[in-house]
Amino acid sequence: MNARVTVKTDVSPQYERTIGVPAPVIREIMEDRDKAVSFARAVLAEYRATDLPGVLLRTLPDGRHFVIDMSDEADASIKGIMEDFMLHGDYEAHTVARVREAVKPGDRCLDVGASVGFFTTLLGTLVGSGGKVTAIEATANQFPYLVKNIELNGLQDTVKAICIAASDHDGEVTIQCNAVNPKTVPCMKLDSLNLAPLDFIKLDVDGSDLRGLQGLEETIKASPNLKGTLEFYPKYLKNLGSDPDEFMAFVNKYFTWERISGDYNDECQNLWCIRK
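Small disclaimer: the values here were computed from a predicted structure and weren't measured. (Residues numbered from 1 in each chain as written. Predicted model: local features only at pLDDT ≥ 70, side-chain atom pairs only at ≥ 80, totals over all residues. Heavy atoms only, no water.)

## So, the packing of aromatic side chains
Going by this rule: Stacked, tilted and edge-to-face are the three classes applied to pairs of Phe, Tyr and Trp rings, where Trp contributes its six-membered ring and a pair requires centres within 6.5 Å; stacked means planes under 30 degrees apart, edge-to-face means over 60, and tilted covers the rest. Helix numbers and strand numbers start at the N terminus; a helix is a DSSP run of H or I with at least 4 residues, a strand a run of E with at least 2. Whether a residue is buried, partly exposed or exposed follows from its accessible area with a 1.4 Å probe, protein chains only, as a fraction of its type maximum: under 20%, in between, or over 50%, in that order. Distance and angle both matter: a charge sits over a ring if NZ of Lys or CZ of Arg is within 6 Å of the ring centre and within 35 degrees of the ring normal.
Going through the model one piece at a time under the given rule, you end up with 8 aromatic pairs. Ring geometry for F250 versus Y254: centroids 5.2 Å apart, planes at 50 degrees, classification tilted. One end of the pair is F250 and the other is Y254, both in helix α10 (residues 244–254) and 4 residues apart, which spans about a single turn. Like Y254, F250 is buried. Through successive ring pairs, a cluster of aromatic residues spans F66, Y91, F118 and F119. Over the face of the ring belonging to F118 we find R64, whose NZ or CZ atom lies 4.7 Å from the ring centre.

## Let's talk about the nonpolar core
Put simply, the rule reads: We call a set of buried residues a nonpolar core when its members are Ala, Val, Leu, Ile, Met, Phe, Trp, Tyr or Cys and they connect through side-chain atoms within 4.5 Å of each other. Every residue pair with non-hydrogen atoms within 4.5 Å of one another is taken to be in contact.
Within the largest apolar cluster, 37 residues are counted, with the highest numbers of intra-cluster contacts made by I68, V99 and V103. Only β4 (55–59), β5 (65–69), α3 (76–87), α4 (93–102), α5 (118–127), β7 (132–136) and α6 (143–152) provide two or more residues apiece to this core. The dominant element in this core, judged by the number of residues it contributes, is α5, at 6 residues. Sequence-distant contacts of V99, defined by excluding residues within four places in its chain, comprise F119, L122, L123, L126, F200 and W272. Of all hydrophobic cores here, the second largest spans 29 residues; its members include I136, A166, L203 and L210.

## Quick look at the sheet that holds β4
In plain terms, the rule: Between any two strands, pairing holds if DSSP finds at least two bridges. For helices, the axis comes from a line fit to the C-alpha atoms of the stretch in contact; other axes are also lines fit to C-alpha atoms, and the angle between any two N-to-C directions lies between 0 and 180 degrees.
Judged by pairing direction, the sheet is antiparallel, and its 3 strands sit side by side in the order β3-β4-β5 without closing on themselves. The sheet terminates laterally at β3 (47–49) and β5, the two strands that pair on one side only. Between one strand axis and the next, the sheet turns by 30 degrees as a mean value, whatever way the strands run. Pairing of β4 with β5 involves 5 bridges; the strand directions are antiparallel. Its bridge partner being in β5, V55 is matched across the sheet by D69.

## Considering α4
Our working rule: The directions considered for the arc run from the helix axis to the C-beta atoms.
Residues of α4 that are buried include every one of T95, V96, V99 and A102, and no others. Down the axis, α4 shows its buried residues gathered within 130 degrees of arc, on one side only. Against the buried residues of α4 lie α5, β12 (200–203), β13 (227–232) and β15 (269–275).

## Concerning the sheet that holds β12
Strand order in this open sheet of 7 strands is β8-β7-β6-β12-β13-β15-β14, and the pairing throughout is mixed. Each of the sheet's edge strands pairs with one partner strand only, and the pair in question is β8 (159–162) and β14 (255–259). For this sheet, the mean inter-axis angle between neighbouring strands, taken without regard to orientation, is 20 degrees. Relative to β7, strand β6 (residues 108–112) is paired through 5 bridges, and the arrangement is parallel. Paired with R108 across the bridge in β7 is K132.

## Some thoughts on the packing of α4 against α5
For any two helices packed against each other, one specifies the crossing angle of their axes together with the interaxial distance. Selection rule: In these notes the angle categories are as follows: under 35 degrees is roughly parallel, over 145 is roughly antiparallel, 65 to 115 is roughly perpendicular, and the rest is oblique. By definition, any crossing whose near helix is turned counterclockwise from its far helix by less than a right angle is left-handed, and any crossing with a clockwise turn is right-handed. Amino acids outside the nonpolar list (Ala, Val, Leu, Ile, Met, Phe, Trp, Tyr, Cys, Pro) and the charged list (Asp, Glu, Lys, Arg) are all regarded as polar, and Gly is one of them.
Packing of α4 against α5 leaves a shortest axis separation of 10 Å and a crossing angle of 25 degrees. The orientation of α4 relative to α5 falls into the category roughly parallel. Crossing hand, α4 versus α5: right-handed. Facing α4, whose interface residues are T95, V96, V99 and R100, α5 presents F118, F119, L122, L123 and L126. Looking at the contact of α4 with α5 residue by residue, the class counts come to 7 nonpolar, 1 polar and 1 charged.

## A closer look at the pattern of salt bridges
What counts is decided by this rule: A pairing counts as a salt bridge when a side-chain nitrogen of Lys or Arg comes within 4 Å of a carboxyl oxygen of Asp or Glu.
If you walk through the whole model with that rule in mind, you get 7 salt bridges. With a shortest N-O distance of 2.7 Å, K202 and D111 are connected by a salt bridge. In this pair, K202 is assigned in strand β12 and D111 in strand β6, connecting sequence segments 91 residues apart. The pair K202 / D111 is uniform in exposure class, with both members buried. Ionic pairing is found between K221 and E218, a salt bridge with its closest N-O pair at 3.3 Å. Here K221 and its partner E218 are both found in helix α8 (residues 217–221), 3 residues apart, which amounts to about one turn of the helix. Relative accessible area serves as the criterion here: at 42%, K221 is assigned to the partly exposed category.

Printed below as a string of structure tokens:
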């Protein structure tokens, strides 16, 4: 259920905005004053209504646009993603800072586990018209939002989005859909896309990470300047039958790495990786 929230200031009464906000977001901001202030500022500065009930347009401070869909038609998992995005516009801020430093105009990038396009659109704006981004998203409910956000940011000529799971074989594979629900989806070895040489990779696929890397091994070998961020989440790896030690052995074989501190905790880490 959504509540109508109006945000206004005494200093500038003309700046007033009313939007629909889901109940979990309301509860969280009511319990944390700093979060409430941050959210109120975002509502005033970043949100715009659309012609569709329950659908908002959010513009981040860096100028990127995103659909926020809390309509009745959106399924529960999409609403969960949107709620998280409403509360955490600075998603993985320390990782984002690394990406901004590393990715240059003209780079060739791969975003595996693109979700609704937060990192995809960031990469697309960083590489510019001379670069290329390939975005891989396996879940059918998130993929349309990925495509829409690519279009909203005018990145159609820079970003190619593919609805497929990254794995160590072609065919079908069981994934944790939206990090929770096991689901069988089409999959492929991403080596088949012939993307080498790559300059940057982001891989975050909720436990399918080792299989995704194994299906990219030839591309990694052929990308001497490759750098990027890989999620290491042992619990999710084990849930899908992968060995966390085997994942780290693969990483150590091809990369030097360090943990990106500040975004997560010891249970889940983003690793900053540079090709050996």
